[in-house]
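Here are the chains, one letter per residue:
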Amino acid sequence: MTEHLDIREGYDLWAEIYDGELNPLVHLEEPLVRGWLASVAGLKVADVGCGTGRHTAWLAQAGAGVDAYETSPGMLAKAKAKLVGRSVHFIQHQLPNPMPVESETYDVALFALVADHLADLNGAFCELHRILKPGGSLIFTVLHPAMNLRGITARFTHPQHGTEVRVAAFEHTYADYMLAVLRS
């Protein structure tokens, strides 16, 4: 049996076990993101969809000023608990809603493994473009679109029932992502 949950409910439940699960996609993605953002000391970074703080932690440790945005209160609570004493500003937020900052605030916006959960890619990328300084960088990672088209989406094992849980996702293509970025 597979249970299908909306984004907030799904990630709130997943937060209980997220950091303890072996997630091959995360293990493939993290080293690449760290390589792309080799030097962040002194930069202002928005970690949009920070989850349990997997990128937020090393960004703050590397000297970035980090604002961590997350839809799921459960994920945000885990990130806050993990990063007590770090100078990270945590904000509950969901794109494409306007982010509570001035335009051109950030040097870097990290948007990691989030976009396939959003219906409005154009709105999301326009908002990310708005918050970036001129010349700023958007680091964007996503589950391969072909996987979504084959029905493979974010999923985990329910911590109490042992059943498969799938979090709401949208079947975006490469063209959808590229057009959203170009339109922003």
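Residues numbered from 1 in each chain as written. Predicted model: local features only at pLDDT ≥ 70, side-chain atom pairs only at ≥ 80, totals over all residues. Heavy atoms only, no water.

## A closer look at the environment of Val33
Rule in force here: Secondary structure follows DSSP: runs of H or I at least 4 residues long count as helices, runs of E at least 2 residues long count as strands, and numbering of each begins at the N terminus. Exposure classes here rest on a 1.4 Å probe applied to the protein chains alone. A residue is buried below 20% of its type maximum, exposed above 50%, and partly exposed in between. Residues count as neighbours in contact if any of their non-hydrogen atoms are within 4.5 Å of one another.
Position of Val33 relative to the elements: it lies in helix 2 (residues 24-36). Classification of Val33 as buried rests on a relative accessible area of 0%. Spatially, the C-alpha atoms of Val33 and Glu164 are 28 Å apart, while their sequence positions differ by 131 residues. Not counting residues up to four positions away in its chain, the partners in contact with Val33 are His55, Trp58, Leu110, Ile139 and Thr141.

## Let's talk about the sheet that holds strand 1 (residues 2-5)
The following threshold applies: Only strands that DSSP links by at least two bridges are regarded as paired with each other. Fitted lines through C-alpha atoms serve as axes, helices being fitted only where they are in contact, and the angles separating the N-to-C directions of these axes extend from 0 to 180 degrees.
Strand order in the open sheet formed by 3 strands is 1-8-7, with mixed pairing between adjacent strands. Of all strands in the sheet, those with a lone pairing partner are strand 1 and strand 7 (155-157), marking the two edges. Pairs of neighbouring strands in the sheet enclose a mean axial angle of 25 degrees, with direction left out of account. Looking at chain direction, strand 7 and strand 8 (residues 164-167) are connected through 3 bridges and run antiparallel. When the sheet's bridge partners are listed, Phe156 is paired in strand 8 with Val165.

## Description of a nonpolar patch on the surface
Keep this limit in mind: Patches in this entry comprise residues that are over 30% relatively accessible and not in a salt bridge; like charges within 9 Å are linked, as are nonpolar side chains (Val, Leu, Ile, Met, Phe, Trp, Tyr) within 5 Å. Here the accessible surface of atoms and residues is derived via Shrake-Rupley with a 1.4 Å probe, and residues count as covered only by protein chains that are part of the display. When a carboxyl oxygen of Asp or Glu is within 4 Å of a side-chain nitrogen of Lys or Arg, the pair counts as a salt bridge.
Taken together, Met178, Leu179 and Leu182 make up a surface patch of nonpolar side chains, about 320 Å² in accessible area. Following the sequence through the fold, Leu182 ends up in helix 7 (residues 174-183).

## Quick look at the layout of surface pockets
The condition is simple: Using only the protein atoms, space was sampled on a 1 Å grid; points where a 1.4 Å probe fits but cannot get out form cavities, open sets with protein on both sides within 12 Å along at least five of seven lines form pockets, and lining residues are those with an atom within 4 Å of a point. Grid points are joined across faces, edges and corners, and a volume is the space filled by probe spheres set on the points. Classification convention: Asp, Glu, Lys, Arg as charged; Ala, Val, Leu, Ile, Met, Phe, Trp, Tyr, Cys, Pro as nonpolar; all other residues, Gly among them, as polar.
By volume, the largest pocket is sized at about 740 Å³. In this structure, the largest pocket is lined by 38 residues; those nearest its centre are Tyr11, Trp14, Leu113, His117 and Ala154. Listing elements by their share of the lining of the largest pocket, those giving two or more residues are helix 1 (7-14), helix 2, strand 2 (44-48), helix 3 (54-61), strand 3 (65-70) and strand 5 (106-112). Residue composition of the lining of the largest pocket, grouped by class: 22 nonpolar, 10 polar and 6 charged. Phe140, Thr141, Val142, His144, Pro145, Tyr174, Tyr177, Met178 and Val181 together form the lining of the second largest pocket. Across the lining of the second largest pocket, the residue classes tally to 7 nonpolar, 2 polar and no charged.

## Side note on the pairing of strand 3
Note the cut-off: A crossover counts as right-handed when, viewed with the strands pointing away from the observer, the path leading from the first strand over the helix to the second turns clockwise.
Counting buried positions over the 6 residues of strand 3 gives 5, a clear majority of the element. Handedness of the β-α-β unit built from strand 2, helix 3 and strand 3 comes out right-handed. Bridge analysis of strand 3 against strand 4 (residues 88-92) gives 5 bridges, and the strand direction is parallel. Each bridged residue has a counterpart across the sheet, and for Val66 the counterpart in strand 4 is Val88. After leaving strand 3, the chain enters helix 4 (residues 73-82) and then returns to the sheet as strand 4, a path that is right-handed.

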